[in-house]
Amino acid sequence: MLIDLRSDTVTQPTDAMREAMLRAPVGDDVYGEDPTVNALQERLAADLGFAAALFVPTGTQSNLLALMSHCERGDEYIVGADAHTYRFEGGGAAVLGSIQPQPIAQETDGTLPLDKVEASIKPDDPHFARTRLLTLENTWHGRPLPFDYLAEARALATRRGLGFHLDGARLYNAAIAYDRPARDVAASFDSVSVCLSKGLGAPVGSVLLGSAALIDRARRWRKVAGGGWRQAGMLAAAAMHALDHHVARLADDHERAARLAEGLRRVDGLVVKGCHTNMVFVDVPAARLKDLAAHMAAHGVRLSIGYLPSIRLVTHLDIDDAAIERTIDAFASFAY
Ligand SMILES: *Cc1c(COP(=O)(O)O)cnc(C)c1O
């Protein structure tokens, strides 16, 4: 069997999840009439402490709708130079929202230094875009941001009148790592985007959370972006099932990632650069990268090579203990 460690997006819906999808009551969500979508939105809003929520197809769209709902044409958002909302979303905020990004180089822990954030806020002057929003990402490349930093950044946003958005694609991984309820991780923010199709294992979907007014604007932009979907309740049912059954087990993914890192540290020629929540990062001599990729493919292991300086390995629902052992063995049988 293939071991796919490229991302936690590659999971197959479980049989129980497919069963839940099959039986879901559905309606036309553009009319607000899909009972399963409504239940998902109400549940997540209540769980995470927000007034309203919007179920959308992807995390990229969820972040885009958030940026377009916080900002208007000619506004600016402050964002990590390595953040998904800046680097990995096709420049959507600028392309589709006429919103200018102000990237800030991140520290190795994923934080944006707050003095640099503050220094980048533009004065109210027609020479400049209007700085409107600060965005963070948690987890970032698997790292949970230092928990106290969330409140410190919140205080800055409040003092300077900025909106505060979290790309919480892996919010629940962060919550497990902090050993805190997810709502505590979301509490500092005006809006949060959560992915259900990463470690939680749903086939499709993200949810944007915020105030009623912000979510009304986001719903409007979702329609404009072609994301007004109809009987989406079958997908919402998968998401509900994931929230019921796949949150606590993220701890297993974190434990397997730690075990994988431990095994790989014993392999000569490999350098384990980091292990955070469900992600392991390893370096090999650049000249051996291509051969290693072929070797691992021949052993039925798929890896993410090329997007980041390091090779990334991500544990998820479809990676069991045997897969961890086989992966370590495959790495160990290569001549670096
Ligand atoms: C995956 C991801 C997204 C985007 O989600 P898609 O559903 O792939 O569009 C956004 N932010 C982060 C941090 C992600 O990992």
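All figures in this text were calculated on a predicted structure; none of them were measured in a lab.

Novice: For the environment of Val117, give the residues involved together with the corresponding values.
Specialist: Mapped onto the secondary structure, Val117 falls in helix α6 (residues 114-120). Under the relative-accessibility criterion, Val117 is labelled buried at 0%. Separated by 39 residues in the primary sequence, Val117 and Leu156 place their C-alpha atoms 8.9 Å from one another. Every residue in contact with Val117, bar those within four places of it in the chain, is listed here: Ile78, Ile104, Leu112, Leu134 and Leu156.

Novice: Which residues make up the site of the ligand, and what are the values?
Specialist: All residues adjacent to the ligand are Thr58, Gly59, Thr60, Asn63, His84, Glu89, Glu137, Asp167, Ala169, Arg170, Cys195 and Lys198. Here an oxygen atom of the ligand and a side-chain polar atom of Thr60 are 2.6 Å apart. Within the complex, 82% of the 380 Å² of free accessible area of the ligand lies under protein. The element contributing the most residues to the shell around the ligand is helix α3 (residues 59-70), with three residues. Residue classes in the shell around the ligand are distributed as two nonpolar, five polar and five charged.

Novice: Give a detailed account of the environment of Ala225, specifying residues and quantitative values.
Specialist: Turning to its location among the elements, Ala225 is positioned in the loop between α10 (212-224) and α11 (233-245). Its relative accessible area of 43% is what places Ala225 among the partly exposed residues. For Ala225 and Leu96, which are 129 residues apart along the polypeptide, the C-alpha to C-alpha distance reads 8.9 Å.

Novice: Describe the packing of aromatic side chains, with residues and values.
Specialist: Any aromatic ring pair is given by two values, namely how distant the centres are and how the planes are angled relative to each other. Counted according to the given criterion, the structure contains four aromatic pairs. Here the aromatic rings of Phe147 and Tyr178 are separated by 5.0 Å at their centres, their planes lie at 70°, and the arrangement is edge-to-face. Pair noted here: Phe147 is in helix α7 (residues 147-159) and Tyr178 is in helix α8 (residues 171-178), with a separation of 31 residues, a long-range link. Here Phe147 falls in the partly exposed class, since its relative accessible area comes to 23%. Where Phe334 meets Tyr336, the ring centres are 4.9 Å apart and the plane angle is 80°; that geometry is what we call edge-to-face. Over the face of the ring belonging to Phe147 we find Arg180, whose NZ or CZ atom lies 3.7 Å from the ring centre.

Novice: Report on the nonpolar core, specifying residues and quantitative values.
Specialist: Counting residues in hydrophobic clusters, the biggest one holds 52 residues, and the most contacted among them are Leu40, Leu48, Phe55, Leu136, Tyr172, Leu196 and Leu209. No other element matches the six residues that α11 contributes to this core. Those residues in contact with Leu196, other than ones at most four positions away along the chain, are Leu40, Phe55, Gly201, Ala202, Gly205, Ser206, Val207, Ala239 and Leu243. Counting 25 residues, the second largest nonpolar core, distinct from the first, contains Leu5, Leu313, Ile328 and Phe331.

Novice: An account of helix α2 (residues 35-48) is needed here, citing residue identities and associated values.
Specialist: When the terminal C-alpha atoms of α2 are compared, their 20 Å separation across 14 residues agrees well with the 20 Å that a helix rising 1.5 Å per residue should span. Inspection of α2 places Thr36, Val37, Leu40, Gln41, Leu44, Ala45 and Leu48 among the buried residues, and these make up the whole buried set. The buried residues of α2 all sit within an arc of 165° when viewed along its axis, so they share a single face. Relative to its buried face, α2 has exposed residues pointing more than 90 degrees away, namely Glu42 and Ala46. On its buried side, α2 packs onto β2 (52-56), α8, α9 (182-186), β7 (191-195), β8 (206-210) and α11. The opening residue of α2, the one whose side-chain oxygen lies 2.9 Å from the backbone nitrogen of Thr36, is Asp34.

Novice: An account of the UniProt feature "domain: Aromatic amino acid beta-eliminating lyase/threonine aldolase" (unreviewed entry) in the protein is requested, with residue identities and associated values reported.
Specialist: The sites that UniProt annotates as "domain: Aromatic amino acid beta-eliminating lyase/threonine aldolase" (unreviewed entry) are residues 4-285. This span, residues 4-285, is 43% helix and 18% strand, and a straight line between its end C-alpha atoms measures 22 Å.

Novice: Give me the lowdown on the pattern of salt bridges, citing residues and values where you can.
Specialist: This structure, assessed with the given rule, holds 22 salt bridges. Taking the shortest distance from any N to any O, the salt bridge between Glu76 and Lys122 comes out at 3.0 Å. Of this pair, Glu76 sits in strand β3 (residues 75-80) while Lys122 sits in the loop between α6 and β5 (130-137), and the two are 46 residues apart along the sequence. Classification of Glu76 by relative accessible area gives buried; the value is 0%. With a closest N to O distance of 3.0 Å, Asp216 and Arg219 form a salt bridge. On the criterion of helical spacing, the pair formed by Asp216 and Arg219 is a turn pair, its members being three residues apart in helix α10. Judged by its relative accessible area of 35%, Arg219 falls in the partly exposed class. Each of the salt bridges in this network shares a partner with another, and the network as a whole consists of Glu255, Arg256, Arg259 and Asp321.

About the criteria used
Residues numbered from 1 in each chain as written. Predicted model: local features only at pLDDT ≥ 70, side-chain atom pairs only at ≥ 80, totals over all residues. Heavy atoms only, no water. Helix = DSSP H or I, 4+ residues; strand = E, 2+ residues; numbered from the N terminus. Buried < 20%, exposed > 50% of the residue type's maximum accessible area, 1.4 Å probe, protein only. Contact = heavy atoms within 4.5 Å. Near = heavy atom within 4 Å. Polar contact = N/O pair within 3.5 Å; in protein donor to acceptor, adjacent residues only side chain to side chain. Areas by Shrake-Rupley, 256 points an atom, 1.4 Å probe, with all protein chains shown as cover. Nonpolar A, V, L, I, M, F, W, Y, C, P; charged D, E, K, R; others polar. Phe/Tyr/Trp six-rings, centres within 6.5 Å; stacked < 30°, edge-to-face > 60°. Lys NZ or Arg CZ within 6 Å of the ring centre and 35° of its normal. Core = buried A, V, L, I, M, F, W, Y, C linked by side-chain atoms within 4.5 Å. Expected span 1.5 Å × (residues − 1). Arc of directions from axis to C-beta. UniProt positions renumbered as here; feature names shortened; annotations may be inferred. Salt bridge = Lys/Arg side-chain N within 4 Å of Asp/Glu carboxyl O.

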